[in-house]
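Residues per chain, in single letters:
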Amino acid sequence: MTNGFLLIQKSSGITSARVVQKIKSKFKFKKVGHLGTLDPMADGLLILAINRATKFANLLLESDKSYFATVSLGSRTDTDDAEGQIIETLPVLRNAYEIEDALMGFVGENMQTPPIYSALKFEGKPLYKYAREGRPIQKDPRKIIVHSIDNVTVTTSNVSFDIHCSKGTYIRSIARDLGKQLECGGHLSALTRTKQQQFLLNDAKTIDEIAESDLISLEDAFTHLNSLTLQDSELKIFLNGGKVETQEPFDVLISVRDSQGTFLGIGKNSSEGLKHEYLV
């Protein structure tokens, strides 16, 4: 069975779910899942997990991401992006220095309110469905981390920038909140995901270009983790969910192999020993 990850260059105008369907149909894969939704308006890197790699999906869903974003100032939309209806227009009265200064205030740890149009769920149903029905649900703010904002460019009514942030960060919410701080309104007008974990948009291919030979193996996807080789006597214990004594650091993920170098999965060490978290 073919297992691993594909780096897709998603185009604007297609849903992440549709990309999954197209790849599944193109290669007749049994299981395909994406590792972090990109809104239809957004483009850029979309990582797909193929077959057994879907068991490792949470590892990459939890990873940091980087984007190139453009925020349009002077108008608010009901979706906080350019796909929504404009609900208010206001003059932009701040200069470029004030706009950049306000934007840089988002760097660090923040509490962020998700958009009412999002795939987050309430009672098992996505928020965007409630919003479309005229019954918007507002989720409580949650902690996010913006690691950096760089390459800021400010024009008359737009601000563009690179942003590196934690999982769960909505760039649409940053656009909304920036417009609110500047008292002119704002919405996200363009978004490109450029990086996720160690994977880069420059290495991705379109749905038409991608081939099965582009598959990144499970082993190669986790080379950034510490590696440990288990001896035959330890192997059965590890595979059966037991704990193996090691000298590895505590509470970090470890790539585990057998004595022949075959990738077995990922474990986590504790004071009680190394136990598997994800198995191939």
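**Student:** Would you mind showing me how to read the overall build of the protein here?
**Tutor:** Broken down by element type, the protein carries seven helices and 17 strands. Seen through its principal axes, the protein has C-alpha atoms that stretch 70 × 45 × 40 Å. Within the protein, the proportion of its 280 residues that are buried is 45%. Put simply, 67% of the contacts in the protein that link residues at least 6 apart link residues at least 24 apart. Within the structure as shown, the protein displays about 14200 Å² of accessible surface, and the carbon and sulfur contribution to it stands at 47%. For the protein, the distance from the average position of its 33 positive side-chain charges to the average position of its 35 negative side-chain charges is 9 Å.

**Student:** What am I meant to see in the pairing of strand β10 (residues 142-154) here?
**Tutor:** Here is the key point about a regular strand: its side chains alternate between the two faces of the sheet. Strand direction decides the pairing type here: strand β7 (residues 108-112) and β10, joined by five bridges, are antiparallel. When the sheet's bridge partners are listed, Gly108 is paired in β10 with Val146. Hairpin connection, β10 to strand β11 (residues 158-165): the antiparallel pair is bridged by three residues.

**Student:** What's the story with the pairing of strand β16 (residues 263-270) in this structure? I'm lost.
**Tutor:** Here β16 lies mainly inside the structure; six of its eight residues are buried. Here five bridges tie strand β15 (residues 253-257) to β16, and the two strands are oriented antiparallel to one another. Residue pairing in the sheet places Val256 in a bridge with Gly265 of β16. In sequence, β15 turns back onto β16 through a hairpin of five residues, with Gly261 there showing a positive phi of about 90°. The pairing of β16 with strand β17 (residues 273-279) spans six bridges and is classified as antiparallel. Each bridged residue has a counterpart across the sheet, and for Gly265 the counterpart in β17 is Leu279.

**Student:** Looking at this structure, I do not really get helix α1 (residues 16-27). What am I missing?
**Tutor:** Two residues of an α-helix separated by three or four positions point the same way, owing to the 3.6 residues in each turn. In this model α1 runs 17 Å from its N-terminal to its C-terminal C-alpha over twelve residues, within 8% of the 16 Å that 1.5 Å per residue would give. Of the positions making up α1, those classed as buried are Ser16, Val19, Val20, Ile23 and Phe27. The buried residues of α1 occupy one face: seen down the axis, they fall within an arc of 100°. Lining the buried residues of α1 we find β1 (4-10), β2 (32-34) and β3 (43-50).

**Student:** Is there a simple way to explain the pattern of salt bridges in this structure?
**Tutor:** Pairing is possible between side chains of opposite charge, provided their charged atoms come close. As enumerated under the stated definition, the model contains nine salt bridges in all. Here Asp214 ties to Lys205 by a salt bridge, and the two come within 2.9 Å at their closest N and O atoms. Of the residues examined, Lys205 reaches a relative accessible area of 31% and is grouped as partly exposed. Here the residues in one salt-bridge network are Asp80, Arg176 and Asp177, joined through shared partners.

**Student:** Quick question: what am I supposed to make of the sheet that holds strand β14 (residues 226-229) here?
**Tutor:** Pairing between the strands of a sheet is mediated by backbone hydrogen bonds and can be parallel or antiparallel. Here we have four strands laid out as an open sheet, ordered β14-β15-β16-β17, and mixed in their pairing. Unpaired on one side and paired on the other, β14 and β17 mark the two borders of the sheet. Neighbouring strand axes in the sheet, compared pairwise and without regard to direction, differ in orientation by 40° on average. Across the sheet, helix α7 (residues 232-239) touches β15, β16 and β17, and the angle it forms with β17 is around 60°.

Conventions and cut-offs
- Residues numbered from 1 in each chain as written.
- Predicted model: local features only at pLDDT ≥ 70, side-chain atom pairs only at ≥ 80, totals over all residues.
- Heavy atoms only, no water.
- Helix = DSSP H or I, 4+ residues; strand = E, 2+ residues; numbered from the N terminus.
- Buried < 20%, exposed > 50% of the residue type's maximum accessible area, 1.4 Å probe, protein only.
- Contact = heavy atoms within 4.5 Å.
- Areas by Shrake-Rupley, 256 points an atom, 1.4 Å probe, with all protein chains shown as cover.
- Lys, Arg positive; Asp, Glu negative; His and termini not counted.
- Charge placed at Lys NZ, Arg CZ, Asp CG, Glu CD.
- Pairing = 2+ DSSP bridges.
- Expected span 1.5 Å × (residues − 1).
- Arc of directions from axis to C-beta.
- Salt bridge = Lys/Arg side-chain N within 4 Å of Asp/Glu carboxyl O.
- Axes fitted to C-alpha atoms, helices over the stretch in contact; angles between N-to-C directions.

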